[in-house]
Amino acid sequence: MNLILLFTTSVVFSQEDLYTSFTIPEDLKQNANAVIRYSSVNIELKSWDNMEVTEKRVITVLNEGGNRNIDAYVGYDNTTKIKDLEVLVFNNFGQEIKKIRKNDFKDVSAVSGGTLYSDSRVKYLEYTPISYPYTIAYTSVVSTSNTAFIQSFMPLDSYYLSVEKSRYTITHPKHLIIRKKEKHLQGLNIEKEESPGKLSYIVKNIKPIKPESYSPLFRNIVPRVLVALNEFSLEGVASKVENWNDFGKWMYHDLIKDTHDLPESTITMIQNLVKDEPTDIDKAKKIYKYVQDKTRYISVQVGIGGWKPFNASEVDKLGYGDCKALTNYTMSLLNAAGVKSNYCVVYGGDDIMSLEEDFASMQGNHVFLNVPNGDENIWLECTSQKVPFGFIADFTDDRDVLVVTPEGGTIIHTKKYNPDESLQTIKGFFSIDNDGSINVKTTISSKGLQYSDKLRLDSETERDLDSHYKERWDYINSISINEMHINNDKNNIEIIEDISFSANSFTKIIGNRMLFTINALNRLTDIPDRYRKRNAPLKIERGFKDVDEVEIKLPVSYKVEALPKDQSIETKFGNYKTKIEVKDEVTLIYKREFTVNDGEFPKEDYTKFREFCKAVLKQDNSKVALIKK
């Protein structure tokens, strides 16, 4: 009897340890908004088309910023069923204060309002804490016939989050082949078990990571284990995949091939549309414009529709579709014109993220089109009515993607825009009056990544444009925008801005002297954050180049007393140079070039990069001194 009582007391004490913040090690609380006390993911693969996932997680939320780390949600649809779902809430003393069962969770569509229709839904916890810290104990059990997506082991999935203990286990019939890829596990307190039919990891005491400016993507620096089955099921469609070549064959023949069913009338129309075009690229340009004029993007996510495109005949009839449908439709039209193109899978987004080249699995969040052109690949974004033919900057640029062909899949790297291609040129003029006010006229041309940054400008309202330019030149007081004209030259892939504005009190008048900053139109205004101890490498994701030439008319009552010296700064991160020419006694020509190079550098280089930025900012704020005649 005494032994039973002792055991019971031990269990209760252990639970109290887990449910109160008092027992969290100090080094796990430092810089943390929340601490995962215990996490267990148990994946039971019963067969190639039957999987059950049991998750248990105890997380202590230390402050308001940690609420986002609770992650108490689960998705379901026609093939994924929730067998159990529960949350217990504990106060800081480990006392249970609330129990939330499956039917008490919020239940919403899993996709945005831009979706045509969807059978995917999410149950999620909506809980407002009454005090901090508090602890959530989350349990879910989900069964599914989809085994294409196996949850990876990623014990740390957010900044300002630490982990006390995390366990990940996969069990499976011995005849099923599991592939894995381990990333960034070195230096961890980790236990690993790998045997026929079982794969298991346990990690302990992972300290929180603080975000740092100019660092690699979070997912590229934290521990992960990717897992995939060689034989899997997606919405009842069976597949056997060992490499990207197999994956491409499966996608083409099982998901894409039977969707190229254009009506004969559309085929004839397309062939007539391009009959006078001399090259395949000219034909592709005309068809791309036809698609942009005819269709619009809307998400469609129903069953395998998350991966299988709608038939081309449906898009042809309806005039809309998701990225898969519009890409496949464009591909079908090109096929009708005898132009070869390939369906491609990619991680789309501002952050540059590649598919894992050496690990074939269900990856990516977007599709677009590849048109081979000799040694060159042309990439087409089929979901936008605005993007020019062959332009992909800042959404699918500079990353590894899967190109799908009837013969199989191949990983290819998309176009990288070099700094010289991502060019902004300013040709400007401003005059300074005797009272210190200025009048400015400038033409700004932007290409490459800088074109992409400004693509939205030609569809902005006049009010929004006015706000945009006032914010752009917010270092000039009392600015008044007089004229704005935006020209989106899609043929040359160039945005041209013609802007004029005026401002009072641009200069500083002290006695018989006038001071003004010579760089009025394109100053660097931000310096990267300073860190006493830098942890992450320096990552400059994309480079660019600015070339400015501005003519300055001085006030008639003043003459030059002192000019800033010409500057030249050269580093591996980029270059900066300025030159001031005296055209005549009332006219100056200010020339500036500023280049930033992309790349990844050791963390020790961050201070030097920051010093480069500080030097540029200092020179951009150089003053001209005038004195009364």
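Look a little higher up for the structure.
Residues numbered from 1 in each chain as written. Predicted model: local features only at pLDDT ≥ 70, side-chain atom pairs only at ≥ 80, totals over all residues. Heavy atoms only, no water.

Colleague: Got a minute to help me understand the nonpolar core in this structure?
Modeller: As a rule of thumb, nonpolar side chains are buried together in soluble globular proteins. Ranked by size, the top nonpolar core spans 153 residues in total, and within it Met251, Phe430, Phe501 and Ile552 carry the most contacts. Take this core: its biggest share by element is eight residues, from helix H7 (residues 323-336). Setting aside residues no more than four positions away along its own chain, phenylalanine 501 makes contact with Ile438, Asn439, Val440, Trp473, Ile476, Ile479, Ser480, Ile481, Asn482 and Leu521. (Core = buried A, V, L, I, M, F, W, Y, C linked by side-chain atoms within 4.5 Å. Buried < 20%, exposed > 50% of the residue type's maximum accessible area, 1.4 Å probe, protein only. Helix = DSSP H or I, 4+ residues; strand = E, 2+ residues; numbered from the N terminus. Contact = heavy atoms within 4.5 Å.)

Colleague: Looking at this model, I keep getting lost on the sheet that holds strand E9 (residues 134-144). Mind explaining?
Modeller: Two modes of strand pairing occur in sheets, parallel and antiparallel, and in both the strands are linked by backbone hydrogen bonds. Spatially, the eight strands line up as an open sheet ordered E5-E4-E9-E2-E1-E10-E13-E12, and their pairing is mixed. The open sheet terminates on both sides in strands that have one partner only, identified here as strand E5 (96-101) and strand E12 (189-195). Taken over all neighbouring pairs, the strand axes of this sheet differ in orientation by 5° on average, direction set aside. Across 10 bridges, the pairing between strand E4 (residues 80-90) and E9 is antiparallel. Note that in E9 the partner of leucine 85 across the bridge is serine 140. (Pairing = 2+ DSSP bridges. Axes fitted to C-alpha atoms, helices over the stretch in contact; angles between N-to-C directions.)

Colleague: Can you walk me through the packing of helix H4 (residues 264-273) against helix H5 (residues 280-294) in this structure?
Modeller: Helix-helix packing is described using two parameters, namely the angle between the two axes and the distance between the axes. Remark: H4 packs on H5, axes separated minimally by 10 Å, with the N-to-C direction vectors making an angle of 130°. The pairing of H4 with H5 is recorded here as oblique in orientation. Where H4 crosses over H5, the handedness of that crossing is right-handed. Contact with H4, carried on its side by Met269, Ile270 and Leu273, involves Lys286, Ile287 and Tyr290 of H5 and no other residues of that element. Here the residues of the contact of H4 with H5 are counted per class, giving five nonpolar, no polar and one charged. (Parallel < 35°, antiparallel > 145°, perpendicular 65-115°, else oblique. Left-handed = near helix turned anticlockwise from the far one by under 90°. Nonpolar A, V, L, I, M, F, W, Y, C, P; charged D, E, K, R; others polar.)

Colleague: Could you clarify how one ought to interpret the pairing of E5 in this entry?
Modeller: Both faces of the sheet carry side chains from a regular strand, because those side chains alternate between them. Across five bridges, the pairing between E4 and E5 is antiparallel. The residue of E5 that forms the bridge with valine 89 is lysine 98. Where E4 folds back onto E5 in an antiparallel hairpin, the turn is made up of five residues, including glycine 94, whose phi is positive at roughly 80°.

Colleague: Just checking my understanding: could you explain the packing of aromatic side chains for this structure?
Modeller: Aromatic rings in a pair are described by how distant their centres are and how their planes are angled relative to each other. This structure, assessed with the given rule, holds 26 aromatic pairs. Between tyrosine 288 and phenylalanine 389 the ring centres are 5.8 Å apart and the planes differ by 75°, which places this aromatic pair in the edge-to-face class. Placement of tyrosine 288 in helix H5 and of phenylalanine 389 in the loop between strand E22 (376-380) and strand E23 (400-405) is noted, with a sequence separation of 101 residues between them. Neither residue differs from the other here; tyrosine 288 and phenylalanine 389 are each classed as buried. Of the aromatic side chains, those joined through ring pairs into one cluster are Tyr214, Phe573, Phe601 and Phe609. The residue whose ring lies beneath arginine 219 is tyrosine 347, and the NZ or CZ to ring-centre distance is 5.3 Å. (Phe/Tyr/Trp six-rings, centres within 6.5 Å; stacked < 30°, edge-to-face > 60°. Lys NZ or Arg CZ within 6 Å of the ring centre and 35° of its normal.)

Colleague: Sorry, what's going on with the side chain of threonine 266 here?
Modeller: Along the chain, threonine 266 falls in helix H4. With relative accessibility at 6%, the residue threonine 266 sits in the buried group. Each residue touching threonine 266, except ones within four places of it in the same chain, is listed here: Asp316 and Leu333.

Colleague: Before we go on, may I ask you to explain the environment of glutamate 600 in this structure?
Modeller: Here glutamate 600 is to be found in strand E37 (residues 599-601). Sequence separation of glutamate 600 and tryptophan 379 is 221 residues, and the distance between their C-alpha atoms is 25 Å. Apart from residues lying up to four places away in sequence, glutamate 600 is in contact with Pro216, Pro537, Leu538 and Lys539.

Colleague: Which parts of the structure should I look at to understand H7?
Modeller: Turn by turn, an α-helix covers 3.6 residues, leaving residues three or four places apart pointing in a common direction. Helix length check: H7, at 14 residues, gives a terminal C-alpha distance of 20 Å against a target of 20 Å (1.5 Å per residue), a fit within 8%. Among the residues trailing H7, glycine 338 stands out with phi positive, at a value near 80°. (Expected span 1.5 Å × (residues − 1).)

Colleague: When you look at the pattern of salt bridges in this model, what are you seeing that I'm missing?
Modeller: Charged atoms that come close allow side chains of opposite charge to pair. This structure, assessed with the given rule, holds 44 salt bridges. In this structure, glutamate 164 and arginine 37 form a salt bridge, with 2.7 Å as the shortest nitrogen-oxygen distance. On the criterion of sequence distance, the pair formed by glutamate 164 in strand E10 (residues 161-171) and arginine 37 in strand E1 (residues 34-47) is long-range, its members being 127 residues apart. For the pair glutamate 164 and arginine 37, one class covers both residues: buried. A salt bridge links lysine 579 to aspartate 566; its shortest N-O distance comes to 3.8 Å. One end of the pair, lysine 579, is in strand E35 (residues 574-584); the other, aspartate 566, is in the loop between strand E33 (558-562) and strand E34 (567-570), and 13 residues separate them in sequence. Under the relative-accessibility criterion, lysine 579 is labelled partly exposed at 40%. Classification of aspartate 566 by relative accessible area gives partly exposed; the value is 42%. Salt bridges sharing partners connect three or more residues here, namely Lys181, Lys183, Arg224, Glu356 and Asp358. (Salt bridge = Lys/Arg side-chain N within 4 Å of Asp/Glu carboxyl O.)

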